[in-house]
Structure formats: structure tokens, C-alpha cells
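Fold and geometry: a report
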Amino acid sequence: MTLKVLGISGSPHRHGNTETLLDSFLEGARAAGASVEKVVLKEINYSPCQGCNACHKTGDCIVKDDAPGLYDKILSADIVAVASPIYSMGITAQLKGFIDRAQYLWARKFILKTLDFSEDHIKRHKGVFISTAGQSLDHVFDSAFPAITALFHGTGFDYSDNIVANDMDRYNGIKNHPTALKEAYQKGQQIVRDLEIIPGNN
């Protein structure tokens, strides 16, 4: 079985540090035999959550745009890599707005009880967060993790790894970092290989 890997770039800056790091991860996954797709949030049409709670009654979002379709892609993927640079000590507005649109899935899980992910399902679906930051602070990524955790838990993924690189200002960009791109490529390969050996995935 060919594993499906979906990369989501939440950066408004095309081909910058974070998207380049994501690309390296996806290249590694492709080299390991996976089917790879990348979606750039700034290039699709979606609005933030309206907070209307209509989905609490129906399980569906009343906003008709590209967000539900992308969530369908997430739910059909085996591995999802979500990428965002750190802006003001958190994820980008583009990614946060998209994560909030998963409220209809939350409603299905916790209010309507029509959606459930078994332990076996979660074990077979892996989520990875990819990020870069200009600052050298070790804790610069910490505020991003809760929202990423919410995204992966809400869509049935095991939040399995972070691929992060700080100090971009000193390195003058990800391409000058001594190890980050190679490590992302290797992790892309490894996560595919690890998932393939789980019984039932090969």
C-alpha cells in the first residue's frame, strides 16, 4: 500500500525558510515511496470560523469555501506535516484560522458523537509539525505546540514529531543551516518506513 503524505504550508511567505524545510521533509517521504501532496494555505480560499455554532446541530460547517475540502484531504492522509514559521511567538494567522475551522469535526466527536478515532487508527496516522524561527530562544516554539496538538488530536493523528530550526537570523536563512534540511529529509524517509512496517500497512 502506498502511503499518502500531505504537507500543509501555513506561511504567507512563499518558498521561505519554513516552506523550504517542509519541502525537504516531503522529498524524503517521496524518496521512501510515499505519494506526496502539498497545499499552501495562502493560495486557497477560506475564512476564519464564524463562531456561529451551527455545526453543533448539524456536524457540518455552513461556510462554503475550501477549508472542509482540505480537512477531507487530511482525514484521508496517512501522514500530515503542518508547517508554520513563528510569528509573534506563535503560529501564523493563516494556520490558526484554518485550525479553528475544524470546529465542525469537534462537534461531530464531542456533541453529536458521530465521529470517533480508534487507538488503532491513531497509531496508523502520524502528524508532524515543521517550523522555523528567527530568534535563538530554545522556547520560541512552545506557544505553537498547543494549537498543533489540537489539530492532530481532532483529526485522528498521533502527533509524533517536531522538526524545528531556530536562529534563522544568525544563519541568514534555512539553506545556510548546517543540518536542518538534511535532518528533515531523513525524517521524511523514516516516518514513511516506520509506518509501513506497522502490521496491516504493507
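Attention in this report is confined to the structure presented alongside it.

Each value, and the rule that gives it
Residues numbered from 1 in each chain as written. Predicted model: local features only at pLDDT ≥ 70, side-chain atom pairs only at ≥ 80, totals over all residues. Heavy atoms only, no water. Helix = DSSP H or I, 4+ residues; strand = E, 2+ residues; numbered from the N terminus. Buried < 20%, exposed > 50% of the residue type's maximum accessible area, 1.4 Å probe, protein only. 1 Å grid on protein atoms, 1.4 Å probe; cavity = no way out; pocket = protein on both sides within 12 Å on 5 of 7 lines; lining within 4 Å. Points joined across faces, edges and corners; volume = space filled by probe spheres on them. Nonpolar A, V, L, I, M, F, W, Y, C, P; charged D, E, K, R; others polar. Pairing = 2+ DSSP bridges. Axes fitted to C-alpha atoms, helices over the stretch in contact; angles between N-to-C directions. Contact = heavy atoms within 4.5 Å.

Moving on, we come to unusual backbone geometry. Of note, the phi angle at N53 is positive, near 65 degrees, even though the residue is not glycine. Tracing the backbone shows N53 in the loop between strand 2 (35-40) and helix 2 (55-58). Of note, the phi angle at K113 is positive, near 60 degrees, even though the residue is not glycine. Considering the arrangement of structural elements, one finds K113 in the loop between helix 5 (103-110) and helix 6 (119-123). The class for K113 is exposed, based on a relative accessible area of 61%.

A water-sized probe rolled over the atoms picks out the places where empty space is left. Applying the stated criterion across every chain, the model contains one cavity of 30 Å³ or more. Taken as a whole, the largest cavity holds about 110 Å³ of empty space. Around the largest cavity, the lining comprises 15 residues; the ones closest to its centre are C49, Q50, C52, C55 and C61. When grouped by side-chain class, the residues that make up the lining of the largest cavity number eight nonpolar, four polar and three charged.

The subject of this paragraph is the sheet that holds strand 2. Ordered by their spatial adjacency, five strands build an open sheet running 2-1-3-4-5, and the pairing between neighbours is parallel. Among the strands making up the open sheet, the edge pair consists of strand 2 and strand 5 (158-165). When the angles between neighbouring strand axes are averaged without regard to direction, this sheet yields 15 degrees. On top of the sheet, helix 9 (residues 180-196) reaches strand 1 (4-9), strand 3 (79-83), strand 4 (126-132) and strand 5; it is set at about 165 degrees to strand 5, its chief contact.

As a further point, take helix 4 (residues 93-100). Those residues of helix 4 lying buried are L95, G97, F98 and I99. For helix 4, the elements touching its buried residues are helix 3 (67-76), strand 3 and helix 7 (145-154).

So, about the environment of G154. Mapped onto the elements of the fold, G154 is located in helix 7. Taking the C-alpha atoms as reference points, G154 and I99, 55 residues apart in sequence, are found 9.7 Å from one another. Sequence-distant contacts of G154, defined by excluding residues within four places in its chain, comprise L105, K109 and F117.

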